[in-house]
Amino acid sequence: MKKTSTRLADGRELFYYDSRDDAVRDAVDERPLDPISTSSEVRRDPLLGDSVAIASHRQGRTYHPPADECPLCPSRDGRLSEIPAAEYEVAVFENRFPSLAGDSGRCEVVCFTSDHDASFADLTEEQAALVLEAWTDRTAELAELPQVEQVFCFENRGAEIGVTLGHPHGQIYGYPFVTPRTELMLNSAAAHRETTGRNLFEDVVERELSEGARVVLRGEHWVAFVPYAAHWPYEVHLYPLRRTQDLRGLDDAARTEFPQIYLELLRRFDRIFGDAQPLTPYISAWHQAPFRDARRSDFGLHLELFTIRRTPGKLKFLAGSESGMSVFINDVPPEAAAERLREVASR
């Protein structure tokens with residue numbers, strides 16, 4: 001992998017990731033942009049003890065532009081975008097409309113491919129491997145920033161999820177605190193260690209492998225399963241079989257196999273509801289350990305993939321119980337979801 005760093009016209013950083021060492025990335029951003037001005041602020045809720053990012057500048061962010069005005073496509077034919085190059089493999093840049101900025105963290109955009117009409121599932125294994133390298137590199141670099149406590153790499157796909165740019169891309173958040181969801185996991189892992197002397201994440205994987213009913217896909221180095229208490233109608237967790245705390249800890253064998261497993265999983269998601277349905281909307285989220293938390297060593301890196309679609313033409317809405325009390329009600333038994341995801345395997 002070759003990494004090339006540059007800056008956009010307003011001073012934001014941009015990084016190109018290429019599979020070829022001889023790739024040349026010398027295009028200059030020629031747009032007349034003013035320096036970025038953000039108003040991101042993190043406020044703590046005194047009742048719940050969690051944090052909320054207040055970012056009023058995001059009201060003016062780009063919203064469903066036509067394809068010929070996509071800011072994530074390469075700059076070509078006289079049209080200038082966020083990416084100055086006329087073509088690229090993977091590009092990462094600081095978000096122009098960040099939820100977190102300055103002392104409040106950092107937000108980056110990850111463009112998986114220059115092909116506007118593709119999706120992650122359309123990538124080759126080599127392309128997916130390059131995205132994994134980019135996620136890992138950004139995790140390593142953001143870990144060095146004093147204001148970043150935790151890195152979250154994720155992809156939102158589909159208008160139903162709230163995506164405002166159709167180009168295949170994801171985001172990376174560098175949070176200035178440990179997120180509430182991770183805090184719950186860390187507390188559960190600590191309690192499990194205290195009670196059993198064992199690691200919670202390893203025991204979860206062992207249980208799923210032993211029972212087998214919820215396993216969707218297994219390789220030599222990864223396993224994908226629907227969790228026992230899945231919150232979403234179709235939800236899959238992907239774990240490396242050798243536990244590590246974050247993406248930096250994956251060994252070469254796991255990195256090599258990841259594209260095969262992950263691409264197959266995404267393609268199955270697109271077949272869950274039949275060919276007559278549009279592509280399945282989903283959120284794909286890497287859960288990594290916070291960098292400076294004393295409980296870090298007990299964490300288990302994993303990816304959580306889920307869709308808000310519960311059946312053809314129907315969405316799972318977070319209504320009273322879910323939104324008001326954080327108690328999920330799932331209409332699809334996890335074992336049935338796993339069986340369906342096994343049925344739609346590639347042949």
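Scroll up to find the structure.
Below you will find a few notes about this structure. (Residues numbered from 1 in each chain as written. Predicted model: local features only at pLDDT ≥ 70, side-chain atom pairs only at ≥ 80, totals over all residues. Heavy atoms only, no water.)

Time to look at the packing of helix H2 (residues 180-196) against helix H3 (residues 200-211). Between H2 and H3, whose axes approach to 8 Å, the crossing angle comes to 85 degrees. When the interaxial angle is binned, H2 and H3 end up roughly perpendicular. In this structure, H2 contributes Met 185, Ser 188, Ala 189 and His 192 to the contact, and H3 contributes Leu 200, Phe 201 and Asp 203. The residue inventory of the contact of H2 with H3, partitioned by class, reads 4 nonpolar, 2 polar and 1 charged. (Axes fitted to C-alpha atoms, helices over the stretch in contact; angles between N-to-C directions. Helix = DSSP H or I, 4+ residues; strand = E, 2+ residues; numbered from the N terminus. Parallel < 35°, antiparallel > 145°, perpendicular 65-115°, else oblique. Contact = heavy atoms within 4.5 Å. Nonpolar A, V, L, I, M, F, W, Y, C, P; charged D, E, K, R; others polar.)

A few words now on the nonpolar core. Counting 52 residues, the largest nonpolar core has Phe 120, Trp 135 and Trp 286 as its most contacted members. The residues touching Trp 135, leaving out its near neighbours within four places in the chain, are Phe 112, Phe 120, Cys 153, Ile 172, Leu 247, Phe 258, Tyr 262 and Trp 286. Ranked by size, the runner-up nonpolar core spans 14 residues in total, among them Leu 14, Cys 70, Leu 72 and Val 109. (Core = buried A, V, L, I, M, F, W, Y, C linked by side-chain atoms within 4.5 Å. Buried < 20%, exposed > 50% of the residue type's maximum accessible area, 1.4 Å probe, protein only.)

Along the chain, the position of Thr 182 falls in helix H2. Sequence-distant contacts of Thr 182, that is, excluding residues within four places in its chain, are made with Gln 150, Gln 288, Pro 290 and Phe 299.

Among the residues of helix H6 (residues 334-343), Pro 334, Ala 337, Ala 338 and Leu 341 are the ones counted as buried. One side of H6 carries all its buried residues, which in axial view fall inside an arc of 100 degrees. (Arc of directions from axis to C-beta.)

It is worth spelling out the packing of aromatic side chains at this point. With the rule as written, the count across this model stands at 19 aromatic pairs. Pairwise contacts between aromatic rings join Phe 112, Phe 120, Trp 135, Trp 222, Phe 258, Tyr 262 and Trp 286 into one cluster. (Phe/Tyr/Trp six-rings, centres within 6.5 Å; stacked < 30°, edge-to-face > 60°.)

Here the focus is the sheet that holds strand E7 (residues 150-157). Strand order in this open sheet of 11 strands is E1-E2-E5-E6-E8-E7-E12-E13-E11-E10-E9, and the pairing throughout is antiparallel. On the outer flanks of this sheet lie strand E1 (2-7) and strand E9 (215-218), each paired with one strand and no other. Across the sheet, the axes of successive neighbouring strands diverge by a mean angle of 20 degrees, strand direction being ignored. (Pairing = 2+ DSSP bridges.)

Before going further, it helps to spend a moment on unusual backbone geometry. The phi dihedral of Asp 77 is positive, around 55 degrees, even though this residue is not glycine. Note that Asp 77 resides in the loop between strand E4 (51-54) and strand E5 (90-94). When its relative accessible area of 78% is taken as the criterion, Asp 77 is described as exposed. Notably, Ser 326 is not glycine yet its phi reads approximately 60 degrees, a positive angle.

This part takes up the pattern of salt bridges. Throughout the structure, instances matching the rule amount to 38 salt bridges. The salt bridge involving Arg 25 is made with Glu 87; its shortest N-O contact spans 3.1 Å. Of this pair, Arg 25 sits in the loop between strand E2 (13-18) and strand E3 (41-44) while Glu 87 sits in the loop between E4 and E5, and the two are 62 residues apart along the sequence. Salt-bridge contacts for Glu 264 lead to Arg 271; the nearest nitrogen and oxygen are separated by 3.9 Å. Salt bridges sharing partners connect three or more residues here, namely Lys 3, Arg 7, Glu 13, Glu 94, Arg 106, Glu 108, Asp 137, Arg 138 and Glu 141. (Salt bridge = Lys/Arg side-chain N within 4 Å of Asp/Glu carboxyl O.)

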